[in-house]
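Each chain is listed here by its residues.
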2 protein chains.
Amino acid sequence: MTRQQLFEQIKEKESFLCVGLDTDIKKIPKHLLDAEDPIFEFNKKIIDATKEYAVAYKPNTAFYEAHGAKGWESLQKTLEYIPKDIFTIADAKRADIGNTSSMYARAFFENMDFDSVTVAPYMGSDSVKPFLEFDRKWVILLAATSNPGGLDFQDVIVSSDGEKLYERVIRKSAEWGNANNIMYVVGATRPEALIGIRRLVPEHFLLIPGVGAQGGDLKAVCKYGMNKHCGLLVNSSRGIIYSDSTEKFAEAAGKEAHKIQVEMAEILQRL
Amino acid sequence: MTRQQLFEQIKEKESFLCVGLDTDIKKIPKHLLDAEDPIFEFNKKIIDATKEYAVAYKPNTAFYEAHGAKGWESLQKTLEYIPKDIFTIADAKRADIGNTSSMYARAFFENMDFDSVTVAPYMGSDSVKPFLEFDRKWVILLAATSNPGGLDFQDVIVSSDGEKLYERVIRKSAEWGNANNIMYVVGATRPEALIGIRRLVPEHFLLIPGVGAQGGDLKAVCKYGMNKHCGLLVNSSRGIIYSDSTEKFAEAAGKEAHKIQVEMAEILQRL
């Protein structure tokens, strides 16, 4: 999907909501466990209930891999079920030496047909660039993540003018691609980081996890992170998909997504 | 597998060779392509031919994921085929926020039964610790990797006394576990880094990729990286598994592994 298509979808749906499909078999409603593929069954209903309000879906590969080959099939079926005009993110946090990263890129962009994949920056340029060689596909590079451990290394000062590691990661990697094929992950739990990040990459999309269960605040994120074209995808996983654990889980997830979308519409109108 | 069991295996086989199963369908001998599962067929023959000389096998998950669910099955079958007394490494370079890293740990330690998994440090403590909660299982944390891009971020100076990021990663993470459940990845392409690393972690095992196709030198690695119990697993992937592309590929791989084992035996005798 191109940047332009993503912009248009945001305008049309008045939403920049990404729904995280972190589907844990231990957390889905019990009545689904009789289905042949409970994880896919759950995802299908969540997608049906939220697709009107979401511009992106982000399955996290860990939840599928935990079930081996069968889980990988659930992931493939889920991807195929997502409407083609919605942006898809394989939240895989992959990266390896050049020839191996190429294999990961083939896994997510060819064997499957995700629009984007999250990539970890620690191994540097040749671990990231193979993902940038695919037309209309995106790297979403980890920069300042939402978890407590994110502070351990990402925030260390790496130069005498006070540059932090995550800023160095953004500054360097922005040279490997551009605003049409790289986005950055910035946790909603630290909106203050967004001010400096927007100085470095005013045009790039940012993927913001951590709203909801992890405690991030949508308004603060938008205040510091939005650019004139929106430029944000804000993800909520647990806050939406597990908002109810009965047979009405999908309806509840739809309501939760709608509530966020209404908030987002208001914010977008002020742009 | 415990540290003691790994020591004993090294002594018995007079080897600290790890064979990397980076099995690329485009590179395996053509006659195997008629098999039902060519990747597993290849791995089986490679394992049969090298198991006498190897103390560890390291399939890189990228090469399996590139084939989706079917590839994941090849990986599972490969793991089951490896003799139980040989150390197994899922070279997956995973890590995510705490609850998600737990899912990855379950994928590799419960759904499959790998002894260890390679983990990327960028997301910090809560992304690594879930892997350390399993008895007799290991985290092999990326420190100074063998690829050119490894220099982009791992070597940046992070303190006024000249500490590099990879040194910080080792120093901090050594507090999260110990020499019985953490190893570090240090590329054979930069043996000089091993001097400083051995000061930080004299007792830990180091996994050294990059000997062979990537140009690393075994003698230099041993000179700077060995401790009194050996403390090294030296990996070769392409240099062994693709040393011949005819029907005699397995025999050739066995010869190549044997050649390295003989070199290693000599080095071990001098310990």
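What counts, and at which threshold
- Sequence positions are assigned chain by chain, starting from 1 and proceeding in written order.
- Just so you know, chain letters begin at A and ligand numbers begin at 1, following the order they were written in.
- The predicted origin of the model limits local features to residues at a pLDDT of at least 70 and limits the giving and counting of side-chain atom pairs to 80 or more, whereas totals for whole chains, interfaces and linings rest on all residues.
- Water and hydrogen atoms were dropped before computing side-chain values, which therefore reflect all heavy atoms in the structure.
- UniProt positions are given in the numbering used here, feature names are shortened, and annotations may be inferred rather than shown by experiment.
- Helix and strand definitions here come from DSSP, where helices need a minimum of 4 consecutive H or I residues and strands a minimum of 2 consecutive E residues; each element is numbered from the N-terminal end.
- Only C-alpha atoms enter the radius of gyration; for comparison, a globular chain is expected to reach 2.2 Å times N to the power 0.38, where N is the number of residues.
- Contact definition: two residues touch when any of their heavy atoms are within 4.5 Å.
- Note on areas: Shrake-Rupley with a 1.4 Å probe; residue coverage comes only from the protein chains shown.
- In this tally, Lys and Arg are treated as positive and Asp and Glu as negative; His is ignored, and so are the chain termini.
- Think of each charge as sitting on NZ of Lys, CZ of Arg, CG of Asp or CD of Glu.
- Relative accessible area decides the class of each residue, using a 1.4 Å probe on protein chains only: under 20% of the type maximum gives buried, over 50% gives exposed, and in between gives partly exposed.
- The criterion for strand pairing is that DSSP finds at least two bridges linking the strands in question.
- Helices are assigned an expected span. That span is 1.5 Å times one less than the residue count.
- Cysteine sulfur atoms are paired as a disulfide whenever they come within 2.5 Å of each other.
- Copy-to-copy alignment: least squares on C-alpha atoms, limited to residues at pLDDT 70 or above in both.
- All axes here are fitted lines through C-alpha atoms, helices being fitted over the stretch that makes contact, and every angle between N-to-C directions spans 0 to 180 degrees.
- By definition in this entry, angles of less than 35 degrees are roughly parallel, angles greater than 145 are roughly antiparallel, angles of 65 to 115 are roughly perpendicular, and the rest are oblique.
- A clockwise turn of the near helix away from the far one marks a right-handed crossing, whereas an anticlockwise turn of less than a right angle marks a left-handed crossing.
- We call a set of buried residues a nonpolar core when its members are Ala, Val, Leu, Ile, Met, Phe, Trp, Tyr or Cys and they connect through side-chain atoms within 4.5 Å of each other.
- As used in this structure description, the phrase polar contact means that two N or O atoms lie within 3.5 Å; if the pair is within protein, one of them must be able to donate a hydrogen and the other to accept it, and residues adjacent in sequence are counted only when both atoms belong to side chains.
- The aromatic pairing rule takes the rings of Phe, Tyr and Trp, using the six-membered ring of Trp, and pairs them if the centres are within 6.5 Å, calling planes under 30 degrees apart stacked, those over 60 edge-to-face and the rest tilted.

Chain A is annotated in an unreviewed UniProt entry as Orotidine 5'-phosphate decarboxylase from Ekhidna lutea. What the UniProt record of chain A gives under Catalytic activity (unreviewed entry) is the line "orotidine 5'-phosphate + H(+) = UMP + CO2". Recorded in UniProt for chain A, the comment headed Pathway (unreviewed entry) runs: "Pyrimidine metabolism; UMP biosynthesis via de novo pathway; UMP from orotate: step 2/2."

**Some points on the overall build of chain A**
Assigned secondary structure in chain A consists of 12 helices and 8 strands. Here the C-alpha radius of gyration of chain A, 18 Å, is about what a compact globule of 271 residues would show, namely 18 Å. Judged by the C-alpha coordinates and their principal axes, chain A covers about 60 × 45 × 35 Å. Partitioning the intrachain contacts of chain A with sequence separation of at least 6 by distance along the chain shows that 72% fall at a separation of at least 24. Carbon and sulfur atoms make up 49% of the accessible area of chain A, which totals about 10000 Å². Charge centroids of chain A, computed over 34 positive and 38 negative side chains, lie 3 Å from each other.

**Let's talk about the pairing of strand β1 (residues 17-21) of chain A**
Residue and element names in this part refer to chain A. Counting buried residues in β1 gives 5 out of 5 residues, a clear majority hidden from the surface. Residue alternation in β1 divides its side chains into two sets, L17, V19 and L21 and C18 and G20, and both sets are buried. Inspection of the sheet shows β1 paired to strand β8 (residues 232-236) by 3 bridges, in the parallel sense. Within β8, the residue paired with C18 across the bridge is N235.

**Some details on helix α2 (residues 38-50) of chain B**
Residue and element names in this part refer to chain B. For α2, spanning 13 residues, the distance from its first C-alpha to its last is 18 Å, which sits close to the expected 18 Å at 1.5 Å a residue. P38, I39, F40, E41, F42, N43, I46, I47 and T50 are the residues of α2 that are buried. In the core, the buried residues of α2 are packed alongside β1 (17-21), β2 (54-59), α3 (62-65), α4 (68-81), α11 (238-241) and α12 (249-269).

**Regarding the state of the cysteines**
All names here are of chain A. As enumerated under the stated definition, the model contains 0 disulfides over all chains in all. As a non-bridged cysteine, C222 has C230 as the owner of its nearest cysteine sulfur, 7.2 Å distant. Accessibility expressed as a relative area gives 7% for C222, which makes it buried.

**What to know about unusual backbone geometry**
All names here are of chain A. We note that E14 has phi near 50°; this positive angle belongs to a residue other than glycine. Tracing the backbone through its elements, the reader meets E14 in the loop between α1 (3-13) and β1. Look at K93: it is not a glycine, yet its phi comes out positive at around 50°. Within the element layout of this structure, K93 appears in strand β3 (residues 87-94).

**Let's talk about the side chain of S236 of chain B**
Residue and element names in this part refer to chain B. Residue placement: S236 occurs in strand β8 (residues 232-236). Residue classification places S236 among the buried positions, given a relative accessible area of 3%. Beyond its immediate chain neighbours, meaning those up to four positions away, S236 contacts L17, C18, V19, G20, V211 and I260.

**Observations regarding helix α10 (residues 218-225) of chain A**
Buried within α10 of chain A we find L218, A220, V221, C222 and G225 of chain A. Among the structural elements, α9 (193-200), β7 (206-208), β8 and α12 (249-269) of chain A are those in contact with the buried residues of α10 of chain A.

**Considering the relation of the copies chain A and chain B**
Aligned on chain B, chain A shows an RMSD of 0.0 Å; the corresponding rotation is 180° and the shift along the axis is 0.0 Å. What we have between these two chains is a two-fold relation. When the interface residues of chain A are mapped onto chain B, 100% of them again fall at the interface, so both copies present the same face.

**Structural notes on the UniProt feature "active site" (unreviewed entry) in chain A**
The UniProt entry lists K93 of chain A under the feature "active site" (unreviewed entry), expressed in the numbering used here. Setting aside residues no more than four positions away along its own chain, K93 of chain A makes contact with N60, T118, V119, A120 and L142 of chain A together with K93, A95, D96 and M123 of chain B.

**Section: the packing of helix α10 (residues 218-225) of chain B against α12 of chain B**
All names here are of chain B. Direction vectors running N to C along α10 and α12 enclose 30°, while the axes themselves pass 11 Å from each other. Between α10 and α12, the angle is such that the two are roughly parallel. By crossing handedness, the relation of α10 to α12 is classed as right-handed. On α12, the residues touching L218, K219 and C222 of α10 are I260, E263, M264 and I267.

**So, the sheet that holds β3 of chain A**
The pairing of strands in a sheet happens through backbone hydrogen bonds and is either parallel or antiparallel. Residue and element names in this part refer to chain A. Read around the barrel, 8 strands follow the order β1-β2-β3-β4-β5-β6-β7-β8 and close on themselves; strand pairing throughout is parallel. The mean angle between the axes of side-by-side strands here comes to 30°, regardless of whether they run parallel or antiparallel. Set on the sheet, α1 makes contact with β2 (54-59), β3, β5 (138-144), β6 (182-186) and β8; between it and β2 the angle comes to about 120°.

**So, the sheet that holds β8 of chain B**
All names here are of chain B. The parallel closed barrel is built from 8 strands, whose spatial order is β1-β2-β3-β4-β5-β6-β7-β8. Neighbour to neighbour, the strand axes of the sheet diverge by 30° on average, direction disregarded. Pairing between strand β6 (residues 182-186) and strand β7 (residues 206-208): 2 bridges, direction parallel. Residue pairing in the sheet places Y184 in a bridge with L206 of β7.

**A few points about the nonpolar core**
Nonpolar side chains tend toward joint burial in soluble globular proteins. Judged by nonpolar contacts, the single largest core of 202 residues is most densely connected at F16 and F108 of chain A together with F16 and F108 of chain B. Setting aside residues up to four positions removed in sequence, F108 of chain B forms contacts with E65 of chain A together with T61, W72, A90, A92, R94, D113, F114 and V117 of chain B.

**Quick notes on the environment of D37 of chain B**
Residues and elements named next belong to chain B. Tracing the backbone through its elements, the reader meets D37 in the loop between β1 and α2. Judged by relative accessible area, which is 6%, D37 ranks as buried. Along the sequence, D37 and G71 sit 34 residues apart, while their C-alpha atoms lie 8.9 Å from each other.

**A look at the side chain of E65 of chain B**
Tracing the chain through its elements places E65 of chain B in helix α3. Residue classification places E65 of chain B among the buried positions, given a relative accessible area of 0%. Side chain to side chain, E65 of chain B and R94 of chain B meet in a polar contact 2.4 Å long. Apart from the residues lying within four places of it in its own chain, the contact partners of E65 of chain B are E65, W72, R94, Y104, A107 and F108 of chain A together with W72 and R94 of chain B.

**Description of the packing of aromatic side chains**
All names here are of chain B. Enumeration over the complete set of coordinates arrives at 21 aromatic pairs over all chains. When the ring of F40 is compared with that of Y81, the centres are 6.0 Å apart and the planes differ by 85°; the resulting orientation is edge-to-face. With F40 in helix α2 and Y81 in helix α4, the pair connects residues that are 41 residues apart, well separated along the chain. With relative accessibility at 31%, the residue Y81 sits in the partly exposed group. With 6.2 Å between their ring centres and 85° between their planes, F87 and W138 make a pair best called edge-to-face.

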